[in-house]
Structure formats: structure tokens, C-alpha cells
Amino acid sequence: MRSGEKKMDSVLINENPIIYPKRPRRVRTDQSNTDEFSSTNRIRDIRDPEHPKLSLEDLNILTEESVEVDDDKSYVRITFTPTLPHCHLPTPIGLCLLAKLAQSLPARFKVDVRVAPGSHDKEKTVNKQLGDKERVAAGLENPDLVALLNKMMQV
């Protein structure tokens with residue numbers, strides 16, 4: 001670390017985030033494991049990297065409406081909304097969503113994760129990174145990033 005730099009995880013960008021009430025979990029009425037319901041349940045408890053006691057759902061970063069599944073086309077799209085337009089962690093959040101769904105969905109599914117339109121200052125850059133298979137693979141080989149993602153996925 002260079003002189004004058006602060007350790008990244010010791011600086012809170014959003015010190016007082018708005019915490020939203022959790023929606024009640026719906027009761028499963030069929031046996032599908034590849035619809036919006038099951039996909040949302042796979043990722044709703046992922047922890048925010050800046051506020052590890054809060055989930056992405058608690059902060060309204062992720063909602064049930066932000067999950068789209070087309071079982072016939074084997075396609076899942078997650079559109080998440082960072083808490084601030086200048087949030088410094090949308091890429092790790094997106095990578096965590098990708099990793100969690102890749103671990104839990106059948107291999108036939110293509111997962112597309114993106115920042116909600118107009119919700120972040122670097123929306124295009126983040127979406128480009130999350131859509132680039134080589135960048136995602138490189139990120140998932142970074143031990144520090146993998147450690148962060150594992151912390152985010154602990155429930």
C-alpha cells in the first residue's frame with residue numbers, strides 16, 4: 001500500500017444505507033428449480049461487500065422483479081441496482097451473482113448479470129466487464145476476489 005492510501009475495506013462509501021423490509025418468502029407451488037422463484041432464492045441472501053451483515057435484498061440491490069428466467073431458452077438475466085450511482089463495488093456484486101448462479105443452475109443456462117439502466121455512473125463499463133467471459137474468468141482466479149465472493153455467499 002502506498003503512502004496516503006487507505007485500505008479499501010476500511011472506508012465506507014455508503015455509511016448509512018437505506019434498509020428495506022424483506023419480502024416474505026413465497027411458498028413453492030410446483031417443483032421447478034429453474035424459474036424466477038428458485039433463482040431469486042439462490043441469490044437473495046448474498047451479503048453486501050460493504051455491509052456484510054446486510055443482504056443484497058435488504059439494500060434493494062436485488063429484488064424478485066430483477067430476476068428474469070426463460071427456461072425454454074436456458075437463459076437467466078439479473079439486473080441489479082447499486083445503492084449509489086458512484087458505488088465502488090458493482091463489479092464484485094455482479095461477479096458474485098454470476099458465480100452463485102453458475103454453481104447452482106444446470107450447466108445449460110446462460111447467465112447475464114448487469115447493472116440497471118441509469119443506476120450507476122460507470123454502468124456501461126461494469127456491464128462490459130460482467131459480459132466478458134475472459135474478464136470474469138480472470139476475476140474468478142484472483143484469490144483476494146474469490147475470498148471476498150466467498151464471504152458474500154456465506155449465509
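Rules used throughout
Residues numbered from 1 in each chain as written. Predicted model: local features only at pLDDT ≥ 70, side-chain atom pairs only at ≥ 80, totals over all residues. Heavy atoms only, no water. UniProt positions renumbered as here; feature names shortened; annotations may be inferred. Buried < 20%, exposed > 50% of the residue type's maximum accessible area, 1.4 Å probe, protein only. Helix = DSSP H or I, 4+ residues; strand = E, 2+ residues; numbered from the N terminus. Pairing = 2+ DSSP bridges. Axes fitted to C-alpha atoms, helices over the stretch in contact; angles between N-to-C directions. Parallel < 35°, antiparallel > 145°, perpendicular 65-115°, else oblique. Left-handed = near helix turned anticlockwise from the far one by under 90°. Contact = heavy atoms within 4.5 Å. Salt bridge = Lys/Arg side-chain N within 4 Å of Asp/Glu carboxyl O. Arc of directions from axis to C-beta. Polar contact = N/O pair within 3.5 Å; in protein donor to acceptor, adjacent residues only side chain to side chain.

- Turning to the protein, the UniProt record has this under Sequence similarities (unreviewed entry): "Belongs to the MIP18 family."

### Brief notes about the pairing of strand β1 (residues 67-70)
Turning to step 1, where the next piece is worked out: Alternating positions in β1 separate cleanly, Val67 and Val69 being buried on one face and Glu68 and Asp70 remaining unburied on the opposite face.
Turning to step 2, where the next piece is worked out: With 4 bridges connecting them, β1 and strand β2 (residues 75-80) associate as antiparallel partners. Pairing of glutamate 68 across the sheet is with arginine 77, part of β2.
Turning to step 3, where the next piece is worked out: The antiparallel pairing of β1 with β2 creates a hairpin that spans 4 residues between the two strands, and serine 74 there sits at a positive phi of about 55°.

### Some thoughts on the packing of helix α2 (residues 90-104) against helix α3 (residues 123-131)
How two helices sit against one another is set out by the angle between their axes and by the gap between those axes.
Turning to step 1, where the next piece is worked out: Put simply, α2 and α3 touch, their axes get as near as 10 Å, and they point 30° apart. Looking at the two axes, α2 sits roughly parallel to α3. Note on packing geometry: the crossing formed by α2 with α3 is right-handed. Residue-level contacts link Pro90, Thr91, Gly94, Leu95 and Leu98 of α2 to Val126, Gln129 and Leu130 of α3.

### Notes on the pattern of salt bridges
Turning to step 1, where the next piece is worked out: Under the criterion given, the structure shown has 5 salt bridges.
Turning to step 2, where the next piece is worked out: Salt-bridge contacts for aspartate 132 lead to arginine 135; the nearest nitrogen and oxygen are separated by 3.6 Å.
Turning to step 3, where the next piece is worked out: Residue classification places aspartate 132 among the partly exposed positions, given a relative accessible area of 25%.
Turning to step 4, where the next piece is worked out: For arginine 135, a relative accessible area of 41% gives the class partly exposed.

### What about helix α5 (residues 143-153)?
Turning to step 1, where the next piece is worked out: Here α5 has its buried residues at Leu145, Leu149, Met152 and Met153. What you see down the axis of α5 is that its buried residues fit within an arc of 95°, all on one side. Opposite the buried face of α5, by more than 90 degrees, sit the exposed residues Pro143, Asp144 and Lys151.
Turning to step 2, where the next piece is worked out: Contact partners of the buried residues in α5: α2 and α4 (133-139).
Turning to step 3, where the next piece is worked out: Where α5 starts, the residue carrying a side-chain oxygen 2.9 Å from the main-chain nitrogen of aspartate 144 turns out to be asparagine 142.

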